Amino acid sequence: MTDKLGIAIVGCGFMGRRHMLGFNALHKAGKLEGELVALLDINAETANKLADETFTLMGARPDIYTSIDELLKDDRVEAIDIVTDPRTHHTIAIKAMEAGRHVLCEKPLALTMKTGRMMVEAAERTGMVLGTAENYRRGGANRVAKAVIDSGMLGKLHLMLEFWAGGDDKIIISKWRHMKDTGAIGLDMSIHYADIIEYYVGPIERVWGRGIIAEPTRTTADGSETITPTGEDALFASMQTKDGVDVQYTYLPSGLGKRYQQRSLHGTLGSMTVPPDRSDGDVVVHLADRELIGSELIAELKKRGAFININEVTRAVLGPDGTGGKGAAWADVDAGYLAVEIADFIDAVMQKRAPEVDGIGGLRALAVVYAILESGVAKREVSVNEVLDGRLHAYQDEIDAAMDNLKG
Ligand SMILES: NC(=O)c1ccc[n+]([C@@H]2O[C@H](COP(=O)([O-])OP(=O)(O)OC[C@H]3O[C@@H](n4cnc5c(N)ncnc54)[C@H](O)[C@@H]3O)[C@@H](O)[C@H]2O)c1
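In this text, all values refer to a predicted model and were calculated from it rather than measured experimentally. Residues take numbers from 1 onward in each chain, read along the sequence in its written order. Local features in this predicted model are restricted to residues of pLDDT 70 or higher, and side-chain atom pairs are both shown and tallied only at a pLDDT of 80 or more, whereas totals for entire chains, interfaces and linings draw on every residue.

A. Representation of helix 7 (residues 185-201) within the structure. Counted at 1.5 Å a residue, the expected span for helix 7 with its 17 residues is 24 Å, and the 24 Å between its end C-alpha atoms agrees. To obtain the bend at a residue, axes are fitted to the seven residues ending there and to the seven starting there, and the angle between these axes is taken. Only DSSP runs of H or I with at least four residues qualify as helices, and only runs of E with at least two residues qualify as strands; both kinds are numbered from the N terminus onward. At Ile191, helix 7 is bent by approximately 30 degrees, the largest bend along its length. Here the C-beta atoms are placed from the backbone, and a residue counts as buried if at least 20 other C-beta atoms lie within 10 Å of its own, exposed if 12 or fewer do, and partly exposed otherwise. The element helix 7 is extensively covered by neighbouring structure, given that 17 of its 17 residues are classed as buried. Gly202 sits one or two residues past helix 7 and shows a positive phi near 85 degrees. In a helix, the anticipated span is given by 1.5 Å times the number of residues less one.

Below is the structure:
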């Protein structure tokens, strides 16, 4: 055994491959403090294909497994990186933690609050590190925006706008992303934004909103197959934070024509717009008498002694400003974000500290999204706490029942 943390990727599909590219970005930058020793997928061909690509890129071929029980017999595996579809996260994570393995788990932490709480409880019981892979916040623009907020440059914050409207009736990435029982796209994408909102403006306390199925049928890009979604693709909400900031939230991946996207903050002294995640756009701050952008904004933040969370690993994989630089390829920027979250998890295990987004952080993002969906069913304003502690769950009952049937 080396002094590097032995890690296995569990789930080698669309995102599992991107996680491998995150490991590779760290490897190329000389910042990989772990070793990718194994890959697990229930589909052996999928795992083998990724192992081949790993060998081509990183010069070592991870061992292949098709069952979690077999994988956990491998002593080199000290931690697992779960990148399976959300319905399976809790079963795999709990089994691994009970077998003494640390866990990094893709968002959503779990498919429901009940299963997410089971994961957090397992982490507490076993003492294993449980991290949630929330990648968006790792990019330079979000780090600068957070520093602007914390510096007080915008004064007292009144409003955050997180807005996406526009799309079409095509299946978004995979069929499971349109079914309530497997984690529909409204939930899948809103988890990202819930994490960003709480990262920026702190805990959400109250929520009034609902989810809808905006596209009653969705079709493959080539038109060969049409499905009838059972899960919400769109979520709308008005929320308030513990500190009294109002948040207006929209995710609507429907409506042909132009797509509108905005992340902005509005305070007594100024406003700020933040570019789309993984883009090379600029954070722009408007104060009463001036606009701050690029190096001017960074200089102002430095003058105010603000902390910008762009660490050594981020600089190594995404350049000095943590964005990948102007015109960088999307795939490289994506791999960079994932590299930063993987490095944070490895360091957390090594240093025996909590990762930046731990299990509770992942559970909170899930609670914010379910508060929107539960509010739509209850037809009233709901508190995030009643979703977190399990008092409110009507929307989720059907999903929990489907997961229980799966086990039986
Ligand atoms: N952070 C992001 O930007 C981002 C982007 C895409 C997906 N995701 C998340 O990543 C996860 C995976 O999504 P995806 O698009 O890769 O899904 P996918 O369907 O493409 O891949 C999932 C893989 O897991 C395998 N699998 C299923 N059950 C398994 C089990 N019990 N044991 C081992 N392998 C199993 C499948 O065979 C498949 O290869 C989801 O939680 C999703 O929300 C995150």
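Still more ground to cover, so stick around.
B. How the structure looks around the packing of helix 7 against helix 11 (residues 359-378). Lines are fitted to the C-alpha atoms to define the axes, a helix being fitted only along its stretch in contact, and any angle between axes, read from their N-to-C directions, falls within 0 to 180 degrees. Interaxial distance between helix 7 and helix 11 falls to 8 Å at its minimum, and their mutual angle equals 115 degrees. Helix 7 and helix 11 meet at a crossing whose hand is right-handed. Between helix 7, through Leu187, Ser190, Ile191, Ala194, Asp195 and Glu198, and helix 11, the contact on the second element is made entirely by Arg364, Ala365, Leu366, Val368 and Val369. Classifying every residue of the contact of helix 7 with helix 11 by side-chain character gives 7 nonpolar, 1 polar and 3 charged. Here a crossing is called left-handed whenever its near helix is offset anticlockwise from the far helix by less than a right angle, and right-handed whenever the offset is clockwise. A residue pair is marked as a contact if its C-beta atoms, positioned from the backbone, fall within 7 Å. Residue classes follow a fixed rule: Ala, Val, Leu, Ile, Met, Phe, Trp, Tyr, Cys and Pro count as nonpolar, while Asp, Glu, Lys and Arg count as charged, and any other residue, Gly among them, counts as polar.

C. Examining the pairing of strand 14 (residues 270-274) more closely. Pairing of strand 13 (residues 260-267) with strand 14 involves 4 bridges; the strand directions are antiparallel. Residue His266 lies in a different strand from strand 14, and its bridge partner there is Ser271. The turn joining strand 13 and strand 14, which pair antiparallel and follow one another in sequence, is formed by 2 residues. Any two strands with at least two DSSP-identified bridges between them are counted as paired. Here strand 14 runs beside strand 15 (residues 284-287); their pairing, made up of 4 bridges, is antiparallel.

D. Broad picture of the site of the ligand. A residue counts as near a molecule or strand when its C-beta atom, positioned from the backbone, falls within 6 Å of it. What surrounds the ligand is a group of 24 residues, the closest being Gly11, Gly13, Phe14, Met15 and Glu106. Considering each element in turn, the shell around the ligand owes the most residues, 3 residues, to helix 1 (residues 14-28). The residue inventory of the shell around the ligand, partitioned by class, reads 10 nonpolar, 9 polar and 5 charged.

E. How the structure looks around unusual backbone geometry. The omega angle of the peptide bond from Lys107 to Pro108 is -20 degrees, so this bond is cis rather than trans. Turning to its location among the elements, Pro108 is positioned in the loop between strand 5 (102-106) and helix 5 (113-126). Phi is positive for Lys352, which is not a glycine, with a value near 55 degrees. By the secondary structure assignment, Lys352 is in the loop between helix 10 (330-351) and helix 11.

F. Quick peek at the environment of Gln261. One can find Gln261 in strand 13. Sequence separation between Gln261 and Pro276 is 15 residues, and the spatial gap between their C-alpha atoms is 7.5 Å. In contact with Gln261, other than residues within four places in its own chain, are Phe163, Trp164 and Pro276.

G. The arrangement of the sheet that holds strand 11 (residues 234-241) in detail. The strand order across the open sheet built from 9 strands is 16-15-14-13-7-12-11-8-17, with neighbouring strands paired in mixed fashion. Two strands close off the open sheet at either side, each with one partner strand: strand 16 (291-293) and strand 17 (382-383). Together, strand 7 (157-165), strand 13, strand 14 and strand 15 form the strand contacts of helix 6 (residues 140-151), whose direction differs from that of strand 14 by roughly 165 degrees.

H. Layout of helix 10. Between its terminal C-alpha atoms helix 10 stretches 31 Å, which fits the 32 Å expected from 22 residues at 1.5 Å a residue. Backbone geometry just downstream of helix 10 places Lys352 in the positive-phi region, at approximately 55 degrees.

I. Main features of the nonpolar core. In this structure, Ala8, Val103, Val148, Leu366, Ala367 and Val369 are the most contacted members of the largest nonpolar core, which totals 118 residues. The contact partners of Ala8, leaving out residues within four places of it in the chain, are Val37, Ala38, Leu39, Leu40, Leu71, Val77 and Ile80. By convention in this section, buried Ala, Val, Leu, Ile, Met, Phe, Trp, Tyr and Cys residues joined through C-beta atoms within 7 Å make up a nonpolar core.

J. Summary view of the pairing of strand 7. In the sheet, strand 7 pairs with strand 13 via 8 bridges, with the strands oriented antiparallel. Paired with Ala165 across the two strands is Tyr260, which belongs to strand 13. Across 7 bridges, strand 7 lies against strand 12 (residues 246-252) in parallel orientation. Across the sheet, the residue bridging to Ala165 is Leu252, located in strand 12.

K. Molecular detail of the environment of Phe14. When you line up the elements, Phe14 lands in helix 1. The class of Phe14 is exposed, set by 11 C-beta atoms lying within 10 Å. Note: C-alpha distance between Phe14 and Val83 (69 residues apart in sequence) is 8.9 Å.

L. Structural view of the sheet that holds strand 5. Pairing is parallel across the open sheet formed by 6 strands, whose spatial order is 3-2-1-4-5-6. The open sheet is flanked by strand 3 (63-65) and strand 6 (130-133), the only strands paired with a single partner. This sheet shows a mean twist of 25 degrees between the axes of neighbouring strands, independent of strand direction. Bridge analysis of strand 4 (residues 79-82) against strand 5 gives 4 bridges, and the strand direction is parallel. Each residue of the ladder has a partner; that of Ala79, found in strand 5, is His102. Packing against the sheet, helix 1 makes contact with strand 1 (5-10), strand 2 (34-40), strand 4 and strand 5, and its axis sits at approximately 155 degrees to strand 1.

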